[in-house]
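Results of the structural survey
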Amino acid sequence: MLRNGKEANIKFKVCSNSSEESNLFLRRFYEELSKYEKIGWHFQSYRRDNIIYVGQMNYGDMWISYKEKGKIDSIFIKTYSDKANNFVNEALKNAKDKQKEFKTYTITVIFDTDDIIFCDMRKNGIRIYSEEIDNKVFTKIKFSIKAFGTYDLEYIKTQKVNYLNHLFCSYTNMLFKCIKIEYSEEELSISDNIWQEPDSNWIDIDELFINKEQRIVSLCTNFFDILLNIIHVFEYDKKLRLLLNASQEIYCSKKMIGNLMNNGKEWNMPCYTDLVNTLMISVLEPLSNIHERKPERCDKCNNLKYSIREKIKNLCNKYFPENITKEIFNDRYNERSSFLHEGNPITNEFYCGHCVPLINPLDGRSMIFPITVVHFNMFDYVTYIFRHVCNDVINESL
């Protein structure tokens, strides 16, 4: 199998100026190819020197060369037939000529929000509102995105909607099922409005409601500012990428908690519940790195002076009183470290149907937990910090 591109019968000069420009070119190229027939890949990428072998698609083998990291110099393709050769050459030419020709699509993401009603909120060309149909509440989030065509749209909306899922969970502490994603090729015109925002210092879900009796909730305006960046940026800067990483960990930990609450089988699996606790406390690591300065080096050994523990402690101190910081830093973070580095769960006991309190032989001065636990308060704590860090990042950018 070819691996160096020397036998390629198509050599196309790209000369992109950035990684973003490189990926826009590739997306446009795949969009053009999809017009002829469905694209299938045997993806097996690896790099040798400054040439990346991408893999085999149904048109042929493909390589990418670069002179500087992220900047495509040339595309090499060995096509499998004369017909494929014609398709690929035309697609490459069109990709270069039409690299900035986008179509605008309106996306409507529909969530089943059970009995939770979101008030009508509009900002930054984004609208969130709820509709009641047959005694069920469905919440819609509408926004516009740009894509090269329907093939490219499928990729872009999949990325953006998943990030939206994570952010929605992080700002509500709730997990809603996305039941449908609709799109239309039209311009979306949305005027900003003003709504009653929740108290920015809410921690418990009950505090999120602006009308508890009617089960009406709202979101902070900075949710729309973060979402705007997610929607319209193709390559995220470090701060936004770290926020997205943290919100993904929040979303996944909420999913795992849901699995525990819905079927309960994992309650007698100590490591599973420790994974949930670990994922929740790990949310603080990307958040603590958002304002990271260039680390210092030791004068004697030249090793980096890098303490994630100290940064997490500072992060917690910024937003919480001393007693909560101590719980997070002294108890929960230590449990996480013990679990990750030594495999120690909170307990090695398996629940037998009744409680058997025993002395912990490891320290001789505490009791063994008779059943594994999930620190549910930690979820509320880390989402609280997440929302405040988001607000800080937005304010810094203004």
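Up top you'll find the structure we're talking about.
Summarised in this report is the structure supplied together with it. (Residues numbered from 1 in each chain as written. Predicted model: local features only at pLDDT ≥ 70, side-chain atom pairs only at ≥ 80, totals over all residues. Heavy atoms only, no water.)

1. Quick notes on the overall build of the chain
Looking only at helices and strands, the chain has ten helices and 15 strands in total. For the chain, the residues scored as buried account for 48% of the 398 residues in total. Residue pairs in contact within the chain that sit at least 24 positions apart in sequence constitute 67% of those at least 6 positions apart. Separation of charge centres in the chain, based on 53 positive and 55 negative side chains, amounts to 7 Å. (Helix = DSSP H or I, 4+ residues; strand = E, 2+ residues; numbered from the N terminus. Buried < 20%, exposed > 50% of the residue type's maximum accessible area, 1.4 Å probe, protein only. Contact = heavy atoms within 4.5 Å. Lys, Arg positive; Asp, Glu negative; His and termini not counted. Charge placed at Lys NZ, Arg CZ, Asp CG, Glu CD.)

2. Section: the sheet that holds strand 9 (residues 126–133)
In space, the five strands of this open sheet follow the order 8-9-10-6-11, with antiparallel pairing throughout. Strands with a single pairing partner mark the edges of an open sheet, and in this sheet they are strand 8 (121–123) and strand 11 (177–184). Neighbour-to-neighbour, the strand axes of this sheet turn through a mean angle of 25°, independent of strand direction. As defined by bridge partners, strand 6 (residues 103–112) adjoins strand 10 (residues 136–147) across ten bridges and the pair is classed as antiparallel. (Pairing = 2+ DSSP bridges. Axes fitted to C-alpha atoms, helices over the stretch in contact; angles between N-to-C directions.)

3. Examining the pairing of strand 1 (residues 10–13)
Across the two faces of strand 1 the burial differs, with I10 and F12 buried and K11 and K13 not buried at all. Where strand 1 and strand 5 (residues 71–79) come together, four bridges link them in antiparallel fashion. Considered in strand 5, the bridge of I10 is made with I77.

4. Let's talk about the pairing of strand 2 (residues 41–48)
By the bridge criterion, six bridges tie strand 2 to strand 3 (residues 51–57) in an arrangement that is antiparallel. What sits directly across from R48, in strand 3, is I51.

5. Brief notes about a negative patch on the surface
The grouping of D199, D204, D206 and E207 at the surface amounts to a negative patch. With respect to the helices and strands, D204 occurs in the loop between strand 11 and strand 12 (209–211). Of the residues examined, D204 reaches a relative accessible area of 37% and is grouped as partly exposed. (Patch = residues over 30% accessible without salt bridge, like charges linked within 9 Å, V, L, I, M, F, W, Y side chains within 5 Å. Areas by Shrake-Rupley, 256 points an atom, 1.4 Å probe, with all protein chains shown as cover. Salt bridge = Lys/Arg side-chain N within 4 Å of Asp/Glu carboxyl O.)

6. Focus: the packing of aromatic side chains
With the rule as written, the count across this model stands at 23 aromatic pairs. Note on Y171 and F223: the rings are 5.2 Å apart at their centroids and 80° apart in plane angle, and the pair reads as edge-to-face. In this pair, Y171 is assigned in helix 3 (residues 150–172) and F223 in helix 4 (residues 221–232), connecting sequence segments 52 residues apart. Each member of the pair, Y171 as well as F223, is classed as buried. Centre to centre, the rings of Y171 and F386 are 6.2 Å apart; their planes meet at 85°, and the pair counts as edge-to-face. Linking Y171 in helix 3 with F386 in helix 10 (residues 376–397), this pair joins segments that are 215 residues apart in sequence. A relative accessible area of 0% places F386 in the buried class. Aromatic rings pair up to connect F111, F118, F168, Y171, F176, W195, F223, F224 and F386 into one cluster. A cation over an aromatic ring shows up here: R27 above the ring of F234, its NZ or CZ 4.7 Å from the ring centre. Over the face of the ring belonging to Y129 we find R127, whose NZ or CZ atom lies 3.9 Å from the ring centre. (Phe/Tyr/Trp six-rings, centres within 6.5 Å; stacked < 30°, edge-to-face > 60°. Lys NZ or Arg CZ within 6 Å of the ring centre and 35° of its normal.)

7. Side note on the environment of Y163
Its place among the elements puts Y163 in helix 3. With a relative accessible area of 15%, Y163 lands in the buried category. Between the C-alpha atoms of Y163 and P270, which are 107 residues apart in sequence, the distance is 30 Å. Those residues in contact with Y163 that sit more than four places away from it in its chain are I230, Y236, R241 and L244.

8. As for the packing of helix 3 against helix 5 (residues 238–263)
Running from N to C, helix 3 and helix 5 point in directions that differ by 70°, and their axes come no closer than 8 Å. With respect to their mutual orientation, helix 3 and helix 5 come out roughly perpendicular. In contact with Y163, N165, H166, L167, C169 and S170 of helix 3, helix 5 contributes R241, L244, S247, Q248, I250, Y251 and K254. Class assignment for the residues of the contact of helix 3 with helix 5 results in six nonpolar, five polar and two charged. (Parallel < 35°, antiparallel > 145°, perpendicular 65-115°, else oblique. Nonpolar A, V, L, I, M, F, W, Y, C, P; charged D, E, K, R; others polar.)

9. Description of helix 6 (residues 270–282)
For helix 6, spanning 13 residues, the distance from its first C-alpha to its last is 18 Å, which sits close to the expected 18 Å at 1.5 Å a residue. With eleven of 13 residues buried, helix 6 lies mostly within the body of the structure. Taken as a whole, helix 6 has its buried residues at P270, Y272, T273, D274, V276, N277, T278, L279, M280, I281 and S282. Looking at the buried residues of helix 6, the elements they touch are helix 5, helix 7 (284–288), helix 9 (322–342) and helix 10. (Expected span 1.5 Å × (residues − 1).)

10. Section: the sheet that holds strand 4 (residues 60–68)
Spatially, 1-5-4-3-2 is the arrangement adopted by the five strands of the open sheet, whose pairing is antiparallel. A strand with exactly one partner marks an edge of an open sheet, and here the two such strands are strand 1 and strand 2. Taken over all neighbouring pairs, the strand axes of this sheet differ in orientation by 20° on average, direction set aside. Relative to strand 5, helix 1 (residues 19–34) is tilted by about 25°, and along the sheet it contacts strand 1, strand 2, strand 3, strand 4 and strand 5.

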